Amino acid sequence: MQEAITITEQPVSVSVPVGYSFTLRCRAQGRSSLQYQWFCQYQSDCRLIPGATNQDLPIIAEQTQLYTCRVNDLHRNAVFSDWVKVEVHQCVARGLPPRLWQGEPVIVLNPQEQRVELGQPLQLQCAAMGVPAPSYQWYRNGNLLEQQKRKKLQITHTRLSDSGTYLCCASNSHGEHWSSAVDVHIGPCGSGKFFATGKIALLVGNNRYQHHPNLMAPVRDVFELRHLLEHLGFQVVSLLDLNKAEMATAVTQFLQLLGKGVYAMFYYAGHGYEHLGRNYMVPVDAPQPYAPENCISVQRILQKMQQQQTALNIILLDTCRKWYNPGRALSQVQPLEPWGNTVYGYSTSEDAEAFELQDGEFSSGIFMKYLKKHILQEKKVTHMLEDVLEDLGRDPLVTGKQVMEIKHTLKEARSLTDPICPSGAAAERWGHGQELPSRTVTFPCGLRVQLRFLRLFSNLMFVCAKPLAPLAHITEPQLLLHQLDTDAVAIQRESCLDHVETLLASVYKREELDCIFQLCALQKIQTDVVLQLDLHYTQPSTNQRTCESLQTTLQKSLLRQFVSQRKDSQPAPARVCPQDALGPGTEPKGSLGTGSGHSLPSSSPSTFSSEPEENDESELALPGLGQDRP
């Protein structure tokens, strides 16, 4: 039998700041005319709201309350809507919610780091505003916690396996917002459970070479690996297109932050080669053919990592391993200490090439395709890499062409998901705080524009300009960012990466990226960068186009805070590329490409001299280098 009254649209719960105006809606259908009456409940008191007899209930948020709507017809049939909660946040940070807020989740309370005795309760809390009210999902070490879907994460009796890095995702129909990641330590560190005193990673991807074929896959692979490692609690610095001096500087800083008990990872994607078991990576400024002093050895870097008494050393080399110049003598490298803490993950086997999947704008290495599938697994790191090896080996696109290789001395069941238990003084925060604070500028016409600084990599960022609110006396506003130094602009256009804005669009909302500006090669900046922001608009009274300009200065110390160069480096201007509107991101299409490819990953030692790097092969032409990762 058909119901006399059917509610067709239920009101929805909201989570808003005090003073925020919004409307609850209820819609119903019946066989006669309908009447509406809203009720609210505060604590245990439920009361009728006088005058609230419409389908819509306008509200100015004052306190957290429950609401429902009664719908009745002329025949005394009545039905109630769902109860909904209007959660009101009395104290939120300045600037929240954003001025043009559309109801997307905004985190207003982040969880805090916890140290809990074994067996004692654990509680973490996250809160977010949103219309509709956000739902919550907690994660530990990047893994979804199926039973933890509330603002408060509660574990009644903690176990050692509850240690790790936690974060919460708040989401609704408009999007999602992630809380900050926090560490939870259960019991005294080391009691029957492996742990790291810190997790440090350096990722280097060389794409644009001066004297060799350019590559496609490193930029995307470094980008994706960075986000996965951050989920695992790693402090990450990711760098693109480094010459030898810049690689030396980056590795020096990396090694200085390693210490006893640290889990250290180095990943490199770019041109490279192998010689009698020794692996070398090729900086972007290496000549053709190679000279001994132009290439950097991986094995020497691993020695330096071991000297820091790390608990786990991982080298991931996503590169070709073709043999070159076998007649040359081996360099002098001391054997590694027998500490049982080293893992090599090679994307391909000896004297073989590494391939990539091409998708038009970007390529992705076949090795990274399967590494990102398994890297968050809570198992011994060598077992995780074995899963990668097996999946890659079953891929028909590379059958008989590429097979992964693993070498290790890992004697303990250490995992990338192991908890972090810092010991002694806190280590310097490597790779954290990379976002420059946003700033607001005001044009003479009164239009306020927010400038945001979005880092995709540690040495590549975008400047984004966005109007905060429209003005009635100007129409058709258009913003344009550019740099005043024309010589610097010409140099930077040569090195900025094509299509990298696709990665930006995968992280940030499309409407935030209407006016963007790419700053490349931040490690080369020697002076402050001055940008000019032009505003073009029409005055309705005269129907004339008008242009106003403002300048803003970016301090070099902030731009290159994670890529500081040695004093003997050659200065070069910052590299800046204006960007057009962004296109949607694309996914690999599964076809093997030909031509440019990835090469041997490795990291550079803490000190470098003018002597050849471990007799790296000299005067050698590499006819097959362009086929590394077809």
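This text gives an overview of the structure that appears in the document.

Criteria and thresholds
Residues numbered from 1 in each chain as written. Predicted model: local features only at pLDDT ≥ 70, side-chain atom pairs only at ≥ 80, totals over all residues. Heavy atoms only, no water. Helix = DSSP H or I, 4+ residues; strand = E, 2+ residues; numbered from the N terminus. Buried < 20%, exposed > 50% of the residue type's maximum accessible area, 1.4 Å probe, protein only. Contact = heavy atoms within 4.5 Å. Areas by Shrake-Rupley, 256 points an atom, 1.4 Å probe, with all protein chains shown as cover. Axes fitted to C-alpha atoms, helices over the stretch in contact; angles between N-to-C directions. Parallel < 35°, antiparallel > 145°, perpendicular 65-115°, else oblique. Left-handed = near helix turned anticlockwise from the far one by under 90°. Nonpolar A, V, L, I, M, F, W, Y, C, P; charged D, E, K, R; others polar. Polar contact = N/O pair within 3.5 Å; in protein donor to acceptor, adjacent residues only side chain to side chain. Phe/Tyr/Trp six-rings, centres within 6.5 Å; stacked < 30°, edge-to-face > 60°. Salt bridge = Lys/Arg side-chain N within 4 Å of Asp/Glu carboxyl O. Pairing = 2+ DSSP bridges. Core = buried A, V, L, I, M, F, W, Y, C linked by side-chain atoms within 4.5 Å.

**Here's the deal with the overall build of the chain**
When helices and strands are tallied, the chain shows eight helices and 40 strands. Sorting the 630 residues of the chain into buried and exposed places 54% on the buried side. In the chain, of all internal contacts separated by at least 6 residues, the share reaching a separation of at least 24 is 75%. Just so you have it, the chain exposes about 27,900 Å², and 49% of that area is on carbon and sulfur atoms.

**Details of unusual backbone geometry**
In this chain, leucine 96 is followed by proline 97 through a cis amide linkage whose omega measures -10 degrees. Tracing the backbone through its elements, the reader meets proline 97 in the loop between strand S10 (84-89) and strand S11 (106-109). Here the residue pair valine 131 and proline 132 is connected by a cis peptide bond, since its omega of 5 degrees sits within 30 degrees of zero. Unusually for a residue other than glycine, glutamine 309 sits at a positive phi of about 60 degrees. Mapped onto the elements, glutamine 309 comes out in the loop between helix H3 (298-306) and strand S27 (312-318). The phi angle at glutamate 476 is positive, at roughly 50 degrees, despite the residue not being glycine.

**Quick word on the packing of helix H2 (residues 244-256) against H3**
Two elements in contact, H2 and H3, have axes separated by 10 Å at closest approach and are oriented at 25 degrees. One finds that H2 runs roughly parallel with respect to H3. For the pair H2 and H3, the sense of crossing is right-handed. Of the residues in H3, those in contact with Val251, Phe254 and Leu255 of H2 are Ile301, Lys304 and Met305. Here the contact of H2 with H3 is built from residues that sort into five nonpolar, no polar and one charged.

**Concerning the environment of lysine 149**
Its place among the elements puts lysine 149 in the loop between strand S16 (143-144) and strand S17 (152-155). Classification of lysine 149 as partly exposed rests on a relative accessible area of 43%. Measuring from C-alpha to C-alpha, the distance between lysine 149 and cysteine 169 comes to 9.5 Å, with 20 residues separating the pair along the chain. What lysine 149 contacts, discounting residues up to four positions off in sequence, is Tyr136 and Gln137. Polar side-chain contacts of lysine 149 include one of 2.7 Å to the side chain of glutamine 137.

**A look at the packing of aromatic side chains**
The description of an aromatic ring pair rests on the distance of the ring centres and on the angle between the ring planes. Under the definition given, this model contains eight aromatic pairs. When the ring of tyrosine 20 is compared with that of tryptophan 101, the centres are 5.3 Å apart and the planes differ by 65 degrees; the resulting orientation is edge-to-face. On the criterion of sequence distance, the pair formed by tyrosine 20 in the loop between strand S2 (14-17) and strand S3 (21-25) and tryptophan 101 in the loop between S10 and S11 is long-range, its members being 81 residues apart. A relative accessible area of 25% means that tyrosine 20 is categorised as partly exposed. Here tryptophan 101 falls in the buried class, since its relative accessible area comes to 8%. Centroid distance tyrosine 344 to tyrosine 346: 5.4 Å. Interplanar angle 5 degrees. Geometry classified as stacked. Assigned by exposure class, tyrosine 344 and tyrosine 346 land together as buried. Through successive ring pairs, a cluster of aromatic residues spans Tyr20, Phe22 and Trp101.

**Brief notes about the pattern of salt bridges**
Counted by the stated rule, this structure contains 17 salt bridges. Note that arginine 47 and aspartate 45 form a salt bridge whose closest N and O atoms lie 3.5 Å from each other. Note that arginine 545 and glutamate 476 form a salt bridge whose closest N and O atoms lie 3.7 Å from each other. Highlighted residues: arginine 545 in strand S38 (residues 544-554) and glutamate 476 in strand S35 (residues 475-483), separated in sequence by 69 residues. Here arginine 545 falls in the partly exposed class, since its relative accessible area comes to 44%. Because the salt bridges share partners, they merge into one network encompassing Arg220, Glu224 and Lys372.

**Comments concerning the sheet that holds strand S37 (residues 529-539)**
Pairing within the open sheet is antiparallel, and its three strands lie in the order S35-S37-S38. The open sheet has two free edges, formed respectively by S35 and S38, since each of these has just one partner strand. When strand polarity is set aside, the average angle formed by the axes of neighbouring strands in this sheet is 20 degrees. Judged from the eleven bridges that link them, S37 and S38 form a sheet pairing that is antiparallel. Pairing of leucine 533 across the sheet is with leucine 550, part of S38.

**Comments concerning the nonpolar core**
The biggest cluster of nonpolar side chains holds 51 residues, and the ones touching the most others in it are Leu229, Phe234, Leu371, Ile375, Leu416, Leu456 and Phe457. By residue number, the principal contributor to this core is helix H1 (residues 217-231), which donates six residues. Sequence-distant contacts of leucine 416, that is, excluding residues within four places in its chain, are made with Lys199, Leu232, Phe234, Met265, Leu312, Ile314, Ile375, Val381 and Met384. Core analysis: the next-biggest nonpolar cluster, separate from the first, contains 35 residues, Leu242, Met247, Ile301 and Ile315 among them.

**Describing the packing of H1 against helix H4 (residues 366-374)**
In contact at an axis separation of 11 Å, H1 and H4 are set at 10 degrees when each is read in the N-to-C sense. Considering their axes alone, H1 and H4 lie roughly parallel with respect to each other. The two elements H1 and H4 cross, and the hand of that crossing is left-handed. Along its contact with H1, which presents Asp221, Glu224, Leu225 and Leu228, the element H4 presents Met368, Leu371 and Lys372. Its residues assigned to classes, the contact of H1 with H4 comprises four nonpolar, no polar and three charged.

**With respect to the sheet that holds S27**
Pairing is mixed in the open sheet, where six strands are placed in the order S22-S21-S23-S27-S28-S31. Each of the sheet's edge strands pairs with one partner strand only, and the pair in question is strand S22 (235-240) and strand S31 (405-408). Within this sheet the neighbouring strands show an average axis-to-axis angle of 10 degrees, counted without direction. Both S27 and strand S28 (residues 342-346) contribute to a ladder of five bridges, which runs parallel. Pairing of isoleucine 314 across the sheet is with valine 343, part of S28. Sheet contacts for H1: strand S21 (198-205), S22, strand S23 (262-269) and S27; angle to S21, the most-contacted strand, approximately 170 degrees. The strands touched by H3 are S23, S27 and S28; relative to S27, the strand with the most contacts, the crossing angle is about 160 degrees.

**Thoughts on the pairing of S37**
Of all eleven residues that make up S37, eight are buried, and the element is covered over most of its length. Relative to S37, S35 is paired through seven bridges, and the arrangement is antiparallel. What sits directly across from glutamine 478, in S37, is histidine 536. Once S37 ends, the chain turns through four residues before running back antiparallel as S38, passing asparagine 543 with a positive phi of about 60 degrees.

On their own, these measurements won't tell you what the molecule is for.
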